[in-house]
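Secondary and tertiary structure notes
What follows is the residue order along each chain.
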Amino acid sequence: LKPFLASSTLLVAQLLVTMERVARISQHVVAAAPEGSAALRPSATSSAMCSAEKSDDDVVICSALRTPIGKASRGNFKDTPPEELLVPLFKATLERTKIDPKLIEDIQIGNASQPGAGAISSRMGQFLAGVPFGAALTTVNRQCSSGLQSIANIAGAIRTGMIDVGIA
């Protein structure tokens, strides 16, 4: 019983030192805040930020298209270059949205298992579809949900004001 008491006493002492340190650090944060403001305040979580109310800050998806899906390395598109799949996608997106291609600031393409992460072929598809050089292009190479990650990245860039128009 004595070794247990000694170790639990040590743990309590370490916990008290840790709590004292946390209290001291939190005072620094509060002391740095402007007079009359709450330095530490709760922040909304993603579920709290979702609502049915419309706002000028909402990110809007104007067109929802995707390339066809096939089995990797043995499906119907195994011999089809990625840019041949992307060109009609880009053209249809521009046609449906009626957006001036010069307004597009960022493009993110989700893919999986492409050599070089698919950046070169995606960029070629961009140019062949008539989207100008000024639009940045990034590829998201994940084994799952790369397209969804691309959408989240573009939506986040729009939401934070980094861009106004993007394609994912």
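Residues numbered from 1 in each chain as written. Predicted model: local features only at pLDDT ≥ 70, side-chain atom pairs only at ≥ 80, totals over all residues. Heavy atoms only, no water.

Moving on, we get to the confidence of the model for the chain. Here the chain averages 79 in pLDDT, while 73% of its residues score no lower than 70. Confidence, read as mean pLDDT per element, is least for helix α2 (residues 46-49) in the chain (54) and greatest for strand β3 (residues 166-167) (92). Within the model, the stretch residues 1-7 combines pLDDT values under 50 with zero contacts to residues more than four positions away or in other chains. (pLDDT = per-residue confidence, 0-100. Helix = DSSP H or I, 4+ residues; strand = E, 2+ residues; numbered from the N terminus. Contact = heavy atoms within 4.5 Å.)

Residues of helix α4 (residues 119-128) that are buried include every one of S121, S122, R123, G125 and Q126, and no others. Those residues of α4 that are buried are in contact with α3 (82-97), β1 (106-111) and β2 (136-141). Just beyond α4, the residue with positive phi is G130, at close to 90 degrees. (Buried < 20%, exposed > 50% of the residue type's maximum accessible area, 1.4 Å probe, protein only.)

For the rest of this paragraph, the subject is the packing of aromatic side chains. According to the stated counting rule, one finds one aromatic pair in the structure shown. Each ring, one from F127 and one from F133, has its centre 6.0 Å from the other, and the planes form 25 degrees; the classification is stacked. The class of F133 is exposed, set by a relative accessible area of 63%. (Phe/Tyr/Trp six-rings, centres within 6.5 Å; stacked < 30°, edge-to-face > 60°.)

Axis separation between α3 and α4 bottoms out at 8 Å; the angle between their running directions is 40 degrees. The angle between α3 and α4 places the two elements in the oblique class. As α3 runs across α4, the sense of the crossing is right-handed. Side by side, α3 and α4 meet where P82, E83, L86, V87, F90 and K91 of the first sit next to S121, S122, M124, G125, Q126 and L128 of the second. By residue class, the composition of the contact of α3 with α4 is six nonpolar, four polar and two charged. (Axes fitted to C-alpha atoms, helices over the stretch in contact; angles between N-to-C directions. Parallel < 35°, antiparallel > 145°, perpendicular 65-115°, else oblique. Left-handed = near helix turned anticlockwise from the far one by under 90°. Nonpolar A, V, L, I, M, F, W, Y, C, P; charged D, E, K, R; others polar.)

The grouping of I61, L148 and I151 at the surface amounts to a nonpolar patch, some 310 Å² of accessible area in total. Mapped onto the elements, I61 comes out in the loop between α2 and α3. Overall, I61 belongs to the exposed group, its relative accessible area being 61%. (Patch = residues over 30% accessible without salt bridge, like charges linked within 9 Å, V, L, I, M, F, W, Y side chains within 5 Å. Areas by Shrake-Rupley, 256 points an atom, 1.4 Å probe, with all protein chains shown as cover. Salt bridge = Lys/Arg side-chain N within 4 Å of Asp/Glu carboxyl O.)

Before going further, it helps to examine the nonpolar core. Ranked by size, the top nonpolar core spans 13 residues in total, and within it F90, I104, I107, I109 and V131 carry the most contacts. Each residue touching I104, except ones within four places of it in the same chain, is listed here: L94, I99, V131, A135, V165 and I167. (Core = buried A, V, L, I, M, F, W, Y, C linked by side-chain atoms within 4.5 Å.)

Let us now look at the pattern of salt bridges. With the rule as written, the count across this model stands at one salt bridge. The closest approach of N and O atoms between K78 and D79, which form a salt bridge, is 3.2 Å. Looking at D79, the relative accessible area reads 66%, which means it is exposed.

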